Every structure is written in C-alpha cells, then in structure tokens.
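Each chain is listed here by its residues.
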Amino acid sequence: MSFASASEVMGLFGPSESDWVVTLIRKDGGVVTRRIAPGRISEEMAVRAAMNASEVMLPDLEAFTIRRASDRSLEENGDQFLAELWKKKRTG
C-alpha cells in the first residue's frame, strides 16, 4: 500500500484557484454565495453542492452564477453598485 504525499492531498483541505464560487439567488430575494471544492468537479455538481449546503430547493431558486475562484472580475453591475455605495457614504 502506498501513501500519498502532502502535496497530493493538499487540494482536499486547502482552497485552490480552481475552486468554484457559486452564487444562488432565491425567489424570496435572498442571496447565498458558496465556495465549492475541489475545482475538478463539474459546474452542475458544484451548483448542486451549493444548493444542498444552503438548503435551497430548485423551486425556490430564481437564478445562479458560477465562476472560478481565480476569476477576480467584478460582478455585472459592479460599477453601478460602487457608485451607489459612495453616494451613501457619510462625510464627517
């Protein structure tokens, strides 16, 4: 019986750039984001895992987004969100 080296099993325990980041938007307006590992699973499996972990059933799901953890781009409407956020900032 051979044993795996630490580098071979590290992906099972630590975050990776290839992990999935799944955002679930529920019909009631709630939003849940989950990081799903390992990244070698399919998109479908990642979404299912996020739904199961968040206890979101298919009839309750309005929409979802999925991306790799290495994708650092802003979400759609990110610039608009930042503009609205700055409007709400209190000035001393």
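Residues numbered from 1 in each chain as written. Predicted model: local features only at pLDDT ≥ 70, side-chain atom pairs only at ≥ 80, totals over all residues. Heavy atoms only, no water.

1. Here we look at the sheet that holds strand β1 (residues 20-26)
Okay, so step 1: Overall, antiparallel pairing links the 3 strands, which are arranged β2-β1-β3 in an open sheet. Strand pairing shows two members of the sheet lacking a second neighbour, β2 (31-36) and β3 (61-68), which therefore form its edges. On average, each strand axis in the sheet is inclined to that of its neighbour by 15°, with strand direction left out of account.
Okay, so step 2: Each of β1, β2 and β3 is contacted by helix α2 (residues 43-54), which is oriented at about 55° to β1, the strand it contacts most. (Pairing = 2+ DSSP bridges. Helix = DSSP H or I, 4+ residues; strand = E, 2+ residues; numbered from the N terminus. Axes fitted to C-alpha atoms, helices over the stretch in contact; angles between N-to-C directions. Contact = heavy atoms within 4.5 Å.)

2. Some details on the packing of aromatic side chains
Okay, so step 1: Enumeration according to the criterion identifies 0 aromatic pairs in this entry.
Okay, so step 2: The positively charged end of Arg-68 is found above the aromatic ring belonging to Trp-20, 3.6 Å away from the centroid. (Phe/Tyr/Trp six-rings, centres within 6.5 Å; stacked < 30°, edge-to-face > 60°. Lys NZ or Arg CZ within 6 Å of the ring centre and 35° of its normal.)

3. Observations regarding the side chain of Ser-54
Okay, so step 1: As for its position among the elements, Ser-54 is in helix α2.
Okay, so step 2: When residues no more than four places from it in sequence are discounted, the contact partners of Ser-54 are Leu-24, Val-32 and Arg-34.

4. Considerations on the pairing of β1
Okay, so step 1: The element β1 is largely enclosed, with a buried count of 5 among its 7 residues.
Okay, so step 2: Relative to β2, β1 runs antiparallel, the two being bridged by 6 bridges. Within the sheet, the bridge partner assigned to Thr-23 lies in β2 and is Thr-33.
Okay, so step 3: Here 7 bridges tie β1 to β3, and the two strands are oriented antiparallel to one another. If you follow Trp-20 over to β3, its bridge partner there is Arg-68. (Buried < 20%, exposed > 50% of the residue type's maximum accessible area, 1.4 Å probe, protein only.)

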